[in-house]
Amino acid sequence: MHSQIPEPLRALVEQLARLPGLGPKSAMRVAMTLLKWPEAETRRLGKGIHDLRDNLHLCSRCGGLSATDPCAVCKDENRARDTLCLVNEWDSMLTLDEGGFYHGQYMILGGLLAPLANMDSDSLDLDRLISRLEEGEVHELILALGATIDAENTASFIRNLVRKRFPHIRVSRLAQGIPLGAEVKYMDRETLRQSLQYRQDI
Ligand SMILES: [Zn+2]
């Protein structure tokens, strides 16, 4: 970065440049835009970022982001308690739930097995899943982890684990109509609905 850039601006640009989709140049553009905003608005934005950690919790049931614990989905008495849908990330759960065709429980795994990125089974949040299954309410575990190679590997790892420890639980996954390499959060509603409807036992 140019040496004439004042320190506060340089610090902000360096932080912004770490955000997805922003390099140093676009981070500078964002910073310059913020400087043109009315002060109240930049303060509101700053406060929003500052308060994010304080006001947002991880739901202790599903691992999703929420202003309350448990989250609205886990608290909902009208949802079926015998189906648990395992997704990789929280936004996949949002996509699935927006479809309005799934009325069971969710859990967020928070990662996939990825040997190349040093993600092994210890890095996954399996304790939460295991203790949920130990409660005995879940009769079917639906794996909605996507159709990437890492997702496939993770799915068979979890299937083996469940088969060994909870042989009575049905393990299924979204139908293979999902385009290869697809992530659940980017799938359209109809594809998702069909892949859920025609889910396959694994
Ligand atoms: Zn929850």
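Small disclaimer: the values here were computed from a predicted structure and weren't measured.

About the cut-offs
- All residue numbers refer to position in the chain's written sequence, counted from 1.
- Confidence filtering applies because this is a predicted model: local features only for residues at pLDDT of at least 70, side-chain atom pairs given and counted only at 80 or more, and all residues used for totals across whole chains, interfaces and linings.
- For each domain, the first and last residues come from an automatic or database assignment.
- Think of it this way: any DSSP run of H or I at least four residues long counts as a helix, any run of E at least two long counts as a strand, and we number them from the N terminus.
- By definition here, a helix of n residues has an expected span of 1.5 Å times n minus one.
- Consider a residue and the seven residues that end there alongside the seven that start there; fitting an axis to each set, the bend is the angle between those axes.
- With C-beta atoms placed from the backbone, a residue is buried if 20 or more other C-beta atoms are within 10 Å of its own, exposed if 12 or fewer are, and partly exposed between those counts.
- UniProt positions are given in the numbering used here, feature names are shortened, and annotations may be inferred rather than shown by experiment.
- A pair of strands is treated as paired once DSSP finds two or more bridges between them.
- The handedness of a crossover follows from its direction of travel: if, with the strands pointing away from the viewer, the path from the first strand over the helix to the second runs clockwise, the crossover is right-handed.
- Each nonpolar core consists of buried Ala, Val, Leu, Ile, Met, Phe, Trp, Tyr and Cys residues. Their C-beta atoms, within 7 Å, join them into a set.
- Here, residue contact means that the backbone-derived C-beta atoms of the two residues sit within 7 Å.
- Helix axes are fitted to C-alpha atoms over the stretch in contact, other axes to C-alpha atoms as well, and angles between N-to-C directions run from 0 to 180 degrees.

(A) Seen up close, the domain arrangement of the chain. Domain assignment breaks the chain into domain 1 (7-55) and domain 2 (78-198). Summarising the inter-unit geometry, the C-alpha centres of domain 1 and domain 2 are found 35 Å apart.

(B) Region of interest: helix α3 (residues 39-55). Here α3 spans 23 Å end to end across 17 residues, near enough to the 24 Å set by a 1.5 Å rise per residue. The largest bend in α3 comes to about 25°, at Ile49. Across the 17 residues that make up α3, only a small minority, 0, are buried.

(C) Inspection of the UniProt feature "zinc finger region: C4-type" (unreviewed entry) in the chain at higher detail. UniProt tags residues 59-74 as "zinc finger region: C4-type" (unreviewed entry). Spanning residues 59-74, this segment combines 19% helix with 12% strand, and its end C-alpha atoms are found 8 Å apart.

(D) Up close: the pairing of strand β4 (residues 105-108). With burial as the criterion, each face of β4 is covered, one bearing Gln105 and Met107 and the other bearing Tyr106 and Ile108. Pairing of strand β3 (residues 83-87) with β4, which is carried by 4 bridges, proceeds in the parallel orientation. Looking across to β4, one finds that Cys85 is bridged to Tyr106. In terms of handedness, the path from β3 via helix α5 (residues 90-99) over to β4 forms a crossover that is right-handed.

(E) Just the nonpolar core, in detail. Among the nonpolar cores identified, the biggest contains 33 residues, and Cys85, Leu86, Val87, Leu143 and Ala144 are the most heavily contacted of them. Of all the secondary-structure elements, those providing two or more residues to this core are β3, α5, β4, β5 (140-144) and α7 (149-165). Discounting chain neighbours no more than four positions away, the residues touching Ala144 are Cys85, Leu86, Val87, Ser92, Leu96, Leu174 and Val184.

(F) Fine view of the sheet that holds β3. Strand order in the open sheet formed by 5 strands is β4-β3-β5-β6-β7, with mixed pairing between adjacent strands. On the outer flanks of this sheet lie β4 and β7 (200-201), each paired with one strand and no other. Pairing of β3 with β5 involves 5 bridges; the strand directions are parallel. In the sheet register, Thr83 faces β5, and the bridge partner there is Glu140. The sheet strands contacting α5 are β3, β4 and β5, and the helix crosses β3 at an angle near 130°.

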